[in-house]
Amino acid sequence: MSDHLAAPYTFEYTYRRSMGPVIGRFLEGLRYEILEGVKTADGRVLCPPQEYDETGAPTTGEFVQLRPTGVLKSWTWVAEPRENHPRKTPFAFALVQIDGTDSCITHILDAKSPKELETGMRVRVRWAKEKRGTIQDIECFEPSSPILLGPVHLDFSVMPGVHQTAYLRGFEQGKILGGKCKATGKVYVPPRGASPVDGQPMDEYVEVADRGVLTTFTVVRIPFEGQKLTPPYCFGAIVLDGSDLPFYHLISGVAYDEIRMGMRVKAKWKPREEWETSVENILYFEPTGEPDAPFESYSEHL
Amino acid sequence: MRDIAIVSFAQLPSERRADPRDEAEMLEPIINEALGKVGLTQDDVGFTCSGSSDYLIGRPFSFVAAVDGLKAWPPIRESHVEMDGAFALYEAWVRLLHGDIDVALVMSFGKGSLGSIPDVLNLQNDPYYVQPLGLDSISSAALQARALIDAGKATEKDFADIAVRSRRDAMQNPFAQVKGEFDAKKILKEEPYLASPLRKSFCPPLTDGAACVVLATAEKARAICSRPAFIRGIDHRVEANSLGLRDLTVSTSARLAGERAGVGKAKVDVAELHAPFAHQEIILKEALGLDSSVRINPSGGALAANSIMTAGLTRFGEAASRIMDGSAKRAVAHCTSGACLQQNLVAVLEAE
Amino acid sequence: MSERCAVIGIGQTEHRESRKDVSLPGLLREALFRALEDAGRTLADMDAIVIGTAPDMFEGVMMPELFMADALGAVGKPIFRVHTAGSVGGSTAVVASHLIQHGVHEQVLTLAFEKQSEANAMWALSPAIPFQPQLVAGAGGYFAPLIRSYMARHDAHPDAGPMVAVKDREHGLLNPNAHLHLTQTLDEVKAAPMLWDPIRYSETCPSSDGAVAMVLANDKHAKGCKNPAWVLGTSVRTERTFMAGRDQVNPGAGQLCAKDVYDQAGIDPRKDVDCAEIYVPFSWFEPMWLENLGFCDPGEGWKWSMEGKTRIGGQLPLNMSGGVLCTNPIGASGMIRFAEAARQVRGTAAAHQVDGAKIAVGHAYGGGSQFFAMWAVGSKRP
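All values reported here derive from a predicted model rather than from experimental measurement.

Criteria and thresholds
Residues numbered from 1 in each chain as written. Chains lettered and ligands numbered in written order. Predicted model: local features only at pLDDT ≥ 70, side-chain atom pairs only at ≥ 80, totals over all residues. Heavy atoms only, no water. Helix = DSSP H or I, 4+ residues; strand = E, 2+ residues; numbered from the N terminus. Rg over C-alpha atoms; globule rule 2.2 N^0.38 Å. Buried < 20%, exposed > 50% of the residue type's maximum accessible area, 1.4 Å probe, protein only. Contact = heavy atoms within 4.5 Å. Areas by Shrake-Rupley, 256 points an atom, 1.4 Å probe, with all protein chains shown as cover. Lys, Arg positive; Asp, Glu negative; His and termini not counted. Charge placed at Lys NZ, Arg CZ, Asp CG, Glu CD. Buried area = accessible area lost by both parts, 1.4 Å probe. Salt bridge = Lys/Arg side-chain N within 4 Å of Asp/Glu carboxyl O. Polar contact = N/O pair within 3.5 Å; in protein donor to acceptor, adjacent residues only side chain to side chain. pLDDT = per-residue confidence, 0-100. Domains from an automatic or database assignment. Pairing = 2+ DSSP bridges. Axes fitted to C-alpha atoms, helices over the stretch in contact; angles between N-to-C directions. Patch = residues over 30% accessible without salt bridge, like charges linked within 9 Å, V, L, I, M, F, W, Y side chains within 5 Å. Expected span 1.5 Å × (residues − 1). Phe/Tyr/Trp six-rings, centres within 6.5 Å; stacked < 30°, edge-to-face > 60°. Parallel < 35°, antiparallel > 145°, perpendicular 65-115°, else oblique. Left-handed = near helix turned anticlockwise from the far one by under 90°. Nonpolar A, V, L, I, M, F, W, Y, C, P; charged D, E, K, R; others polar.

1. Looking at the overall build of chain B
Part 1: Broken down by element type, chain B carries eleven helices and twelve strands.
Part 2: Its C-alpha atoms give chain B a radius of gyration of 19 Å, within 12% of the compact-globule value 20 Å for 352 residues.
Part 3: Over its C-alpha atoms, taken along the principal directions, chain B stretches across nearly 55 × 45 × 40 Å.
Part 4: Burial statistics for chain B: of 352 residues in total, 68% are counted as buried.
Part 5: Counting only contacts in chain B whose residues sit at least 6 apart along the sequence, the fraction spanning at least 24 positions is 78%.
Part 6: Surface exposure of chain B reaches about 11,400 Å², of which carbon and sulfur atoms provide 50%.
Part 7: In chain B, 38 side chains carry a positive charge and 45 a negative one; their mean positions are 5 Å apart.

Structure below.
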């Protein structure tokens with residue numbers, strides 16, 4: 001027991017305030033989401049409006065309609081709201097200069113974290129759903145992003161074409177097919193619609209080996225939106241035995257710093273029961289352990 | 001200015017997702033066909049230009065596929081427009097004016113049926129004010145058709161008559177997609193609106209297609225083609241994008257392009273107008289000053305086959321073919337782009 | 001060719017990673033009004049507009065020139081849209097110059113842009129598509145193996161690429177229009193992480209928002225201008241991405257394109273060219289293009305880069321503006337090269353001016369090193 005006497009006491013009362021012509025008009029406007037300022041004798045605009053300016057000179061009574069946006073001039077992050085605060089969750093108190101005015105309005109600002117806040121940033125009014133003609137008809141201010149989200153959603157079918165279909169069907173059988181150029185006899189993997197050297201179809205298909213020479217490669221270490229593979233991964237240009245230009249696939253089964261140009265590689269296939277109509281039936285290419293191909297033997301493929 | 005002529009045209013049959021070929025595979029046969037018809041090979045081509053749009057199949061650089069249908073070694077002079085192939089023809093015409101080469105190859109392709117064209121075309125709209133509303137191409141055309149009716153310039157019956165005529169004419173065109181005898185009264189009575197006042201028959205079909213045109217300078221043209229279609233005038237104009245800023249019942253840009261191309265200088269025998277929606281033919285005829293003596297769209301036009309990015313080039317090929325086959329002496333070829341005829345390209349083709 | 005063509009006005013936007021302060025039309029208008037002001041012209045003076053940009057997927061608007069027709073002052077006029085991948089800025093300028101040279105128009109506004117911040121270029125370049133393995137991971141993924149091939153073929157010193165990065169960033173400091181203003185030592189460049197071996201972060205172009213515009217005019221209109229840059233030669237060349245035996249390090253299309261331009265201009269690239277703006281999105285492409293464009297013999301490029309021959313004040317200054325390594329609004333990057341070449345011969349490049357430059361070359365490339373566009377410009381009317 002303390003020697004000092006104490007008992008709880010609550011001061012609580014609801015006042016009935018008259019507002020006069022300026023404050024009254026301003027708060028009534030808020031009900032209709034109309035934000036106004038008042039002009040001073042020297043031509044400035046104050047929001048919230050008063051009957052007088054800071055020097056005591058009367059304002060003109062001329063109202064100016066404002067946009068519900070402004071600039072954050074000062075702020076403090078309230079990490080632990082007090083009982084009388086308007087919100088139970090963290091928020092900021094803020095001074096906001098409404099666009100077109102020369103003063104600041106004191107209000108609260110909603111944000112997820114203080115990291116989003118920066119003096120000078122653009123903010124906008126969030127209107128309360130139910131309005132009562134009070135300053136809380138402005139529920140709060142919120143950061144106003146200059147970004148308009150433009151979602152685009154279009155559905156397409158993809159048809160891989162005659163040659164690529166033949167190529168993909170090959171993978172169903174564990175085969176890699178190339179197309180033979182009639183003019184040069186060169187074998188293209190995958191087969192193409194027309195030969196680059198004579199423009200004629202390359203519809204004679206030949207099977208090529210699932211092993212060859214790694215001519216050049218890169219290790220991708222950069223992540224990006226929509227990426228299917230997780231970096232880092234290595235992909236390289238492989239001239240398969242029996243073909244005449246590089247085809248690209250993943251290189252794995254070896255440390256990245258041991259991958260080199262000229263290395264002989266072979267396909268590492270998925271287990272047969274997992275095969276689909278896909279190049280991805282080959283998981284990756286891995287070293288065969290054979291001696292490297294000499295540079296001259298593949299330099300024309302670089 | 002040097003004289004340039006269309007000397008050959010080849011196209012794939014227009015169809016809807018029936019063809020398993022990819023873009024390169026679609027182009028390769030018609031390139032070789034168009035050149036072969038006038039005894040040329042790809043080695044004779046001095047400049048190649050294609051027209052297409054990435055958004056048709058939702059992939060960036062889809063035009064690179066067109067290059068895959070070409071002989072491109074030794075390396076070739078080549079360019080691409082993100083526009084209808086008719087605009088590629090315009091670029092090729094400009095290139096031939098240079099005088100250092102004498103043959104140009106123009107092509108376009110599109111597999112529009114792999115996506116939903118009306119929705120894809122919403123992406124041409126203003127991304128701030130209109131695109132979020134999802135204004136598809138049929139609905140925007142319908143706003144125009146309504147304006148035309150309300151202005152007393154046309155009736156639904158007129159639209160139906162145009163659709164019936166187009167599809168009847170298409171019966172003579174082995175490459176057309178929608179063809180046959182239709183009854184205007186029946187269409188008006190039985191066909192529901194797709195977007196009022198547009199019924200299905202007043203709208204273009206979803207088409208896959210590819211087309212290829214060969215251009216040559218005058219001397220070369222005369223040497224390889226018995227009746228080249230000389231380009232006597234060609235011009236294109238655009239108007240404002242916002243539908244709310246335009247009088248949708250007229251086409252100022254088509255009128256300007258037509259004047260610059262010299263459409264009105266002499267009698268026109270045939271016009272191939274790129275009017276994807278029936279009512280647009282009415283607007284275009286007025287803009288180009290074409291009277292009832294002009295044979296409009298003997299091929300069936302875009303109402304019979306509308307491969308996006310190709311349909312305009314096809315109009316040029318069809319109009320030129322009427323000159324080359326001797327059935328016309330003076331023809332108008334037209335291509336449009338953008339919502340409600342926003343951009344228009346007009347050419348006057350003549351026999352010598 | 002019936003007319004001469006000259007560049008009489010150039011305008012560029014401010015370039016940043018994100019130009020949040022402007023709309024798409026606002027970005028273009030910033031460049032085009034600067035170009036018109038430079039030329040002493042108004043929009044009403046322009047006969048036609050020729051515009052280029054890389055894939056429409058970058059901004060999510062299909063054929064964006066249509067919705068911007070009014071913003072570009074094109075209403076009632078021709079507007080023409082070019083798209084040839086990375087070379088687009090260059091090929092757009094080539095198309096515009098032909099309209100003048102062949103008497104189709106007298107004054108043409110040409111512009112190119114990219115607002116990369118509206119989306120993500122890596123996503124837009126390498127979408128996940130059925131039936132296709134998504135290996136490449138953006139442009140760097142495609143070009144890294146080619147750079148490795150170059151280094152191996154010519155036994156290049158590994159510092160050559162990093163030294164190009166140092167040089168271009170130094171040049172960029174002289175150019176107020178550059179996006180990156182970076183001071184970087186060789187050690188700092190080499191210490192940066194690898195994104196796509198052997199391409200380091202520090203040897204990669206940035207992702208920029210920006211636009212560039214040029215006013216092109218025929219003789220009649222260029223005559224009264226005080227410092228027109230005359231077009232001496234233009235060319236485009238294309239080859240296929242995949243061809244047996246294709247030399248991807250030193251592509252035939254690039255060689256032919258360059259030769260065509262030099263022949264038209266009647267110049268020897270080793271004697272007559274005072275400087276060049278070439279498309280170097282990754283540092284090693286400087287030595288590769290030096291060789292490809294015939295400025296030096298194969299195998300010599302990396303030495304030139306290391307010996308400082310390509311600095312301002314060197315034997316052949318390259319990318320005085322800081323190049324693509326400092327500023328890269330993809331669709332505009334090619335036209336910026338063309339415009340910067342014109343700036344040099346007009347003598348208006350200010351701090352990055354090459355003293356007395358009379359003939360300059362602009363170069364752009366795209367796709368899998370397969371689309372090329374170039375021009376040569378000179379201070380004297382040919």
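2. Section: the interface of chain B and chain C
Part 1: Taken together, the contact pairs 56 residues of chain B with 54 residues of chain C.
Part 2: Interface of chain B and chain C: buried area, both sides summed, is about 4,800 Å²; carbon and sulfur atoms make up 65% of it.
Part 3: When the area that chain B buries against chain C is broken down by residue, the three leading residues are Y55, E82 and H98 of chain B, summing to 13%.
Part 4: On the surface where chain B and chain C come into contact, there are one salt bridge.
Part 5: Ionic pairing is found between R240 of chain C and D68 of chain B, a salt bridge with its closest N-O pair at 2.8 Å.
Part 6: Along the contact surface separating chain B from chain C lie 17 residue pairs in polar contact (both at pLDDT 80 or more).
Part 7: Elements supplying a minimum of two residues to the side of chain B that touches chain C: α2 (64-67), β3 (78-81), α3 (85-97) and β8 (229-238) of chain B.

3. Let's talk about the environment of G150 of chain A
Residues and elements named next belong to chain A.
Part 1: Relative to the assigned elements, G150 resides in the loop between β8 (138-143) and α2 (162-172).
Part 2: The exposure class of G150 is exposed, given its relative accessible area of 55%.
Part 3: For the pair G150 and F217, spaced 67 residues apart in sequence, the C-alpha to C-alpha distance is 37 Å.

4. Remarks on the confidence of the model for chain B
Part 1: The predicted model of chain B averages 95 in pLDDT, with 100% of residues at 70 or higher.
Part 2: Note on the complex model: pTM 0.92, ipTM 0.97.

5. As for the pattern of salt bridges
Residue and element names in this part refer to chain B.
Part 1: With the rule as written, the count across this model stands at 74 salt bridges over all chains.
Part 2: Between E286 and K153 there is a salt bridge, with its nearest N and O atoms 3.5 Å apart. Taken together, the residues E286 in helix α10 (residues 278-288) and K153 in the loop between α5 (137-150) and α6 (156-169) connect sequence positions 133 residues apart.

6. Overview of helix α9 (residues 285-292) of chain C
Residues and elements named next belong to chain C.
Part 1: Summarising burial for α9: eight of the eight residues are buried, a large majority.
Part 2: By the burial criterion, the buried members of α9 are F285, E286, P287, M288, W289, L290, E291 and N292.
Part 3: Summarising the contacts, the buried residues of α9 are in contact with α4 (138-154), α5 (160-173), α8 (252-265), α10 (301-307), β10 (359-366) and β11 (371-378).
Part 4: Immediately downstream of α9, the backbone of G294 shows phi near 80 degrees, a positive value.

7. Side note on the domain arrangement of chain A
Part 1: When the domains of chain A are assigned, the result is domain 1 (20-143), domain 2 (161-208) and domain 3 (210-302).
Part 2: Taking only C-alpha atoms into account, the centre of domain 1 of chain A sits 69 Å from that of domain 2 of chain A.

8. What to know about the sheet that holds strand β1 (residues 35-39) of chain A
Residue and element names in this part refer to chain A.
Part 1: Pairing is antiparallel in the open sheet, where three strands are placed in the order β2-β1-β3. The sheet is open, and its two borders are formed by β2 (45-46) and β3 (63-66), each paired with just one other strand.
Part 2: As paired elements, β1 and β3 share four bridges and run antiparallel to each other. The residue of β3 that forms the bridge with E36 is Q65.
Part 3: Against the sheet, helix α1 (residues 20-31) engages β1 and β3, with an angle of about 160 degrees to β1.

9. A few points about a negative patch on the surface
All names here are of chain A.
Part 1: Together, E273, E274, E276 and E280 make up a region of like negative charge exposed at the surface.
Part 2: Mapped onto the elements of the fold, E280 is located in the loop between β15 (264-269) and β16 (282-287).
Part 3: Judged by its relative accessible area of 38%, E280 falls in the partly exposed class.

10. With respect to the sheet that holds strand β11 (residues 204-208) of chain A
Two orientations exist for strands paired in a sheet by backbone hydrogen bonds: parallel and antiparallel.
All names here are of chain A.
Part 1: Strand order across the open sheet formed by three strands is β10-β9-β11, with antiparallel pairing between neighbours. In this open sheet, the two edge strands, each paired with only one partner strand, are β10 (187-188) and β11.
Part 2: For strand β9 (residues 176-180) and β10, the ladder comprises two bridges, and the chain directions are antiparallel. Bridge assignment links G179 to a residue of β10, and that residue is Y188.

11. Overview of helix α2 (residues 88-101) of chain C
Part 1: Over its 14 residues, α2 of chain C runs 20 Å from end to end, which matches the ideal 20 Å to within 8%, given 1.5 Å per residue.
Part 2: Within α2 of chain C, 14 of the 14 residues are buried, leaving the element largely enclosed by the surrounding structure.

12. As for the packing of aromatic side chains
Describing an aromatic ring pair means giving the distance of the ring centres and the angle of the ring planes.
Part 1: Overall, the coordinates contain 29 aromatic pairs over all chains when judged by the stated rule.
Part 2: Ring centres of F87 of chain B and F80 of chain C lie 6.4 Å apart, and the angle between their planes is 55 degrees; on these two criteria the pair is classed as tilted. Of the two residues, F87 of chain B is situated in helix α3 and F80 of chain C in strand β3 (residues 79-82); the pairing between them involves two chains.
Part 3: Here F80 of chain C falls in the buried class, since its relative accessible area comes to 3%.
Part 4: Geometrically, the ring pair formed by Y90 of chain B and W93 of chain B is tilted, given 5.5 Å between the ring centres and 45 degrees between the ring planes. Taken together, the residues span about one helical turn, with Y90 of chain B and W93 of chain B both in helix α3 at a distance of three residues. Each member of the pair, Y90 of chain B together with W93 of chain B, is buried.

13. A closer look at the packing of α3 of chain B against α2 of chain C
To characterise two packed helices, one gives the angle between the axes of the helices and the distance between these axes.
Part 1: Viewed as axis vectors pointing N to C, α3 of chain B and α2 of chain C meet at an angle of 55 degrees, and their least axial separation amounts to 9 Å. Overall, the two elements α3 of chain B and α2 of chain C adopt an arrangement that is oblique. The two elements α3 of chain B and α2 of chain C meet at a crossing, and its hand is left-handed. Here Y90, E91, V94 and R95 of chain B of α3 of chain B lie close against α2 of chain C, whose contacting residues are V95, H98 and L99 of chain C.
Part 2: For the contact of α3 of chain B with α2 of chain C, the class distribution of residues is four nonpolar, one polar and two charged.

14. Digging into the side chain of E65 of chain C
All names here are of chain C.
Part 1: One can find E65 in the loop between β2 (48-52) and β3.
Part 2: Classification of E65 as buried rests on a relative accessible area of 3%.
Part 3: Within polar-contact distance, the side chain of E65 engages the side chain of R81 at 3.2 Å.

15. Structural notes on the pairing of strand β14 (residues 247-251) of chain A
All names here are of chain A.
Part 1: Across the five residues of β14, five count as buried, placing the element largely inside the fold.
Part 2: Sheet topology places strand β13 (residues 233-240) next to β14; five bridges connect them, and they run antiparallel. Looking at the pairing, C234 lines up with I251 of β14.
Part 3: Remark: six residues form the turn of the hairpin made by β13 and β14, two consecutive strands paired antiparallel; G242 in that turn has positive phi of roughly 95 degrees.

16. Quick notes on the interface of chain B and chain A
Part 1: Between chain B and chain A, the contact holds 30 residues from the first and 23 residues from the second.
Part 2: Taking both partners together, chain B and chain A bury about 1,900 Å²; carbon and sulfur atoms supply 60% of that area.
Part 3: When the buried area of chain B at its contact with chain A is split by residue, E25, E28 and L114 of chain B rank highest and sum to 26% of it.
Part 4: Joining chain B to chain A, the criterion identifies one salt bridge.
Part 5: Between D68 of chain B and R192 of chain A there is a salt bridge, with the nearest N and O atoms lying 3.4 Å from each other.
Part 6: Across the chain B-chain A interface, the total number found is seven residue pairs in polar contact (both at pLDDT 80 or more).
Part 7: Per-element tally for the side of chain B that touches chain A: the top contributor is helix α1 (residues 23-37) of chain B, with three residues.

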